[in-house]
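What the coordinates show
Now for the letters of each chain:
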Amino acid sequence: MSQGRKADHLRICAEMDVEFRRQSTWLEHVRLVHAALAEVSRDEISTETRFLGRRLRAPLMITAISGGLREAQALNRDLARAAQELGLAFGLGSQRPMLEDPGLIGSYAVRRYAPDIPILGNIGLQQAAHSDLLDIVKLVQSVAADGLAVHLNPAQELTQREGDTDFSAGIKTLRGLTKRLPHRILVKETGCGISRDTARILRSAGVDYLDVAGAGGTSWPRVENLRKGADPAGRTWIDEWGIPTAASLWEVAPLGLQIVGSGGIRSGLDVAKCLVLGADAAGMALPVLRAWRRGGYGAVLSCLQDVIAELKTVMLLVGARDIPALKKHRPVITGQLREWIDNRSRK
Ligand SMILES: Cc1cc2nc3c(=O)[nH]c(=O)nc-3n(C[C@H](O)[C@H](O)[C@H](O)COP(=O)(O)O)c2cc1C
């Protein structure tokens, strides 16, 4: 990807209204049930869990944002330091620039700031399909990552003027990657969600980890339309396209994969709802980028601390003293999410 396009993405996401406008995550249709007699002290609540073979102090991940640019060096350093400080997982932005120029490793080489946390490399399935897979494996090794996030973004590609239109080599490429990096591949969307059928195909290709990145948060077709100069007040159907995050989690939860719930996660309450729907961790991108633009490392740290504190409050209010107990909570599902589940269960 051109450096200019990456820089445009950072600027547009930091400064413009890039989120879905009508479509929400549908997490508002997931109602947690208040426990007035919680029988837990807030200090006893443990948010610890495990992810990618490492311990997390809270079930939270900063998902892929950037790399390759000069600005991304400070950004990734600060995000990695904050993730290390709080014991969270960290996803690097697309390493495509490194495929074109391995000298650009500087902005991705953050392991020294974050020795203990899970770090994921990142590449688009489309770029992997056009590359020698040994070069993709080297991307992961060169940054000492624990695994590789492979992103799917057909709606974004189809909105870009210069985007890909041929998506025919995906499954074969994924099989090649899971063979070379067994138990280390996470497949993620970028804001349109993943259905049960797609998740089944991914599982049979050997993928162990999924990040649903559903609709309701950052809309990549909208980012691309804004980049083309579209009226920010206007909207196109493709800006609102995708499976809402809550519905996507419901779709993929029964398949026995390790799941990240993301796409529009903006609070500790959202994180708790993702876990109740079957996620093992939740992920955020846009709020973290915006916090960094506002106030660097300190603002990122306090944004994430607020989310974790709110998660603990929610856990107390539903009477869950640890993550396994939270995951057992039975929510009430209402509204459009209920209709989605009824419809999809009749298939
Ligand atoms: C500025 C920016 C750059 C992104 N770059 C990447 C990327 O390189 N690779 C990727 O897999 N996802 C990328 N994403 C997508 C996010 O990881 C995430 O899936 C998506 O934005 C939805 O989460 P959100 O609503 O919390 O932003 C990017 C997101 C933002 C905001």
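Residues numbered from 1 in each chain as written. Predicted model: local features only at pLDDT ≥ 70, side-chain atom pairs only at ≥ 80, totals over all residues. Heavy atoms only, no water.

Notes on the overall build of the protein
The number of helices and strands found in the protein is 14 helices and 12 strands. Taken over the C-alpha trace, the protein has a radius of gyration of 19 Å; the compact-globule value for 347 residues is 20 Å, and the two agree within 12%. In terms of principal-axis extent, the alpha carbons of the protein reach across some 60 × 45 × 45 Å. Within the protein, the fraction of its 347 residues that count as buried is 57%. Considering only contacts within the protein whose residues lie at least 6 apart along the sequence, 78% involve residues at least 24 apart. Total accessible area on the protein stands at roughly 14,600 Å², and carbon and sulfur atoms take up 50% of it. Counting 46 positive and 38 negative side-chain charges, the protein places the centres of these two groups 2 Å from one another. (Helix = DSSP H or I, 4+ residues; strand = E, 2+ residues; numbered from the N terminus. Rg over C-alpha atoms; globule rule 2.2 N^0.38 Å. Buried < 20%, exposed > 50% of the residue type's maximum accessible area, 1.4 Å probe, protein only. Contact = heavy atoms within 4.5 Å. Areas by Shrake-Rupley, 256 points an atom, 1.4 Å probe, with all protein chains shown as cover. Lys, Arg positive; Asp, Glu negative; His and termini not counted. Charge placed at Lys NZ, Arg CZ, Asp CG, Glu CD.)

Some details on empty space enclosed by the protein
This model, assessed by the stated rule, comprises three cavities of 30 Å³ or more. In this structure, the largest cavity spans a volume of roughly 620 Å³. Surrounding the largest cavity, 37 residues form its lining, Ala64, Ile65, Lys188, Thr190 and Trp220 being those nearest its centre. Contributions of two or more residues to the lining of the largest cavity are made by helix H1 (3–15), helix H6 (154–159), strand S11 (281–284) and helix H12 (286–317). The biggest single contributor to the lining of the largest cavity is H1, with five residues. Tallied by class, the residues present in the lining of the largest cavity amount to 12 nonpolar, 19 polar and six charged. (1 Å grid on protein atoms, 1.4 Å probe; cavity = no way out; pocket = protein on both sides within 12 Å on 5 of 7 lines; lining within 4 Å. Points joined across faces, edges and corners; volume = space filled by probe spheres on them. Nonpolar A, V, L, I, M, F, W, Y, C, P; charged D, E, K, R; others polar.)

Points about the environment of Val318
Inspection of the secondary structure assignment puts Val318 in the loop between H12 and helix H13 (323–327). On the accessibility criterion, Val318 (14% relative accessible area) is buried. For the pair Val318 and Arg21, spaced 297 residues apart in the sequence, the C-alpha separation amounts to 31 Å. What Val318 contacts, discounting residues up to four positions off in sequence, is Leu32, Val33, Ala35, Leu326 and His329.

Overview of the pattern of salt bridges
With the rule as written, the count across this model stands at 22 salt bridges. Salt-bridge contacts for Asp135 lead to Lys138; the nearest nitrogen and oxygen are separated by 3.6 Å. Taken together, the residues Asp135 and Lys138, both in helix H5 (residues 133–142) and three residues apart, mark about one turn of the helix. Salt-bridge contacts for Asp239 lead to Arg222; the nearest nitrogen and oxygen are separated by 3.9 Å. Of this pair, Asp239 sits in the loop between helix H9 (220–227) and helix H10 (245–252) while Arg222 sits in helix H9, and the two are 17 residues apart along the sequence. Take Asp239: its relative accessible area is 2%, and that puts it in the buried class. (Salt bridge = Lys/Arg side-chain N within 4 Å of Asp/Glu carboxyl O.)

Structural notes on the environment of Val307
With respect to the helices and strands, the residue Val307 is situated in helix H12. Val307 gets classed as buried once you look at its relative accessible area, which sits at 6%. Sequence-distant contacts of Val307, defined by excluding residues within four places in its chain, comprise Leu60, Ser267, Gly268, Val271 and Met284.

Remarks on the site of the ligand
Near the ligand lie 24 residues; those nearest to it are Ala64, Ile65, Ser94, Thr218 and Arg266. Within the side chain of Lys6, an N or O atom sits 3.4 Å from an oxygen atom of the ligand. Here Thr63 contributes a side-chain N or O atom positioned 3.1 Å from an oxygen atom of the ligand. Computed on the free molecule, the ligand has an accessible area of 600 Å², of which 97% lies beneath the protein chains in the complex. Comparing atom positions with the cavity grids shows the ligand to sit within the largest cavity. When contributions to the shell around the ligand are tallied by element, the ones reaching two or more residues are H1 and H12. Partitioned by chemical class, the residues of the shell around the ligand number 10 nonpolar, 10 polar and four charged. (Near = heavy atom within 4 Å. Polar contact = N/O pair within 3.5 Å; in protein donor to acceptor, adjacent residues only side chain to side chain. Sits in = over half its atoms within 2 Å of the grid points.)

Points about helix H11 (residues 268–276)
For H11, the buried fraction is high: eight of the nine residues fall into the buried class. Listing the buried residues of H11 in full gives Gly268, Asp270, Val271, Ala272, Lys273, Cys274, Leu275 and Val276. Two residues or fewer after H11 comes Gly278, characterised by a positive phi angle close to 120°.

A short note on the side chain of Gln156
Tracing the sequence through the fold places Gln156 in helix H6. Setting aside anything within four residues of it in sequence, one finds Gln156 in contact with His9, Trp220, Pro221 and Glu224.

Focus: the sheet that holds strand S9 (residues 209–211)
Taken in spatial order, the eight strands of this closed barrel run S4-S5-S6-S7-S8-S9-S10-S11, and their pairing is parallel. Across the sheet, the mean angle separating the axes of adjacent strands is 25° when strand polarity is ignored. Two elements, strand S4 (residues 60–62) and strand S5 (residues 89–91), share two bridges in a ladder whose sense is parallel. Considered in S5, the bridge of Met61 is made with Ala89. Where H12 meets the sheet, its contacts fall on S4 and S11, and the angle it forms with S11 comes to roughly 160°. (Pairing = 2+ DSSP bridges. Axes fitted to C-alpha atoms, helices over the stretch in contact; angles between N-to-C directions.)

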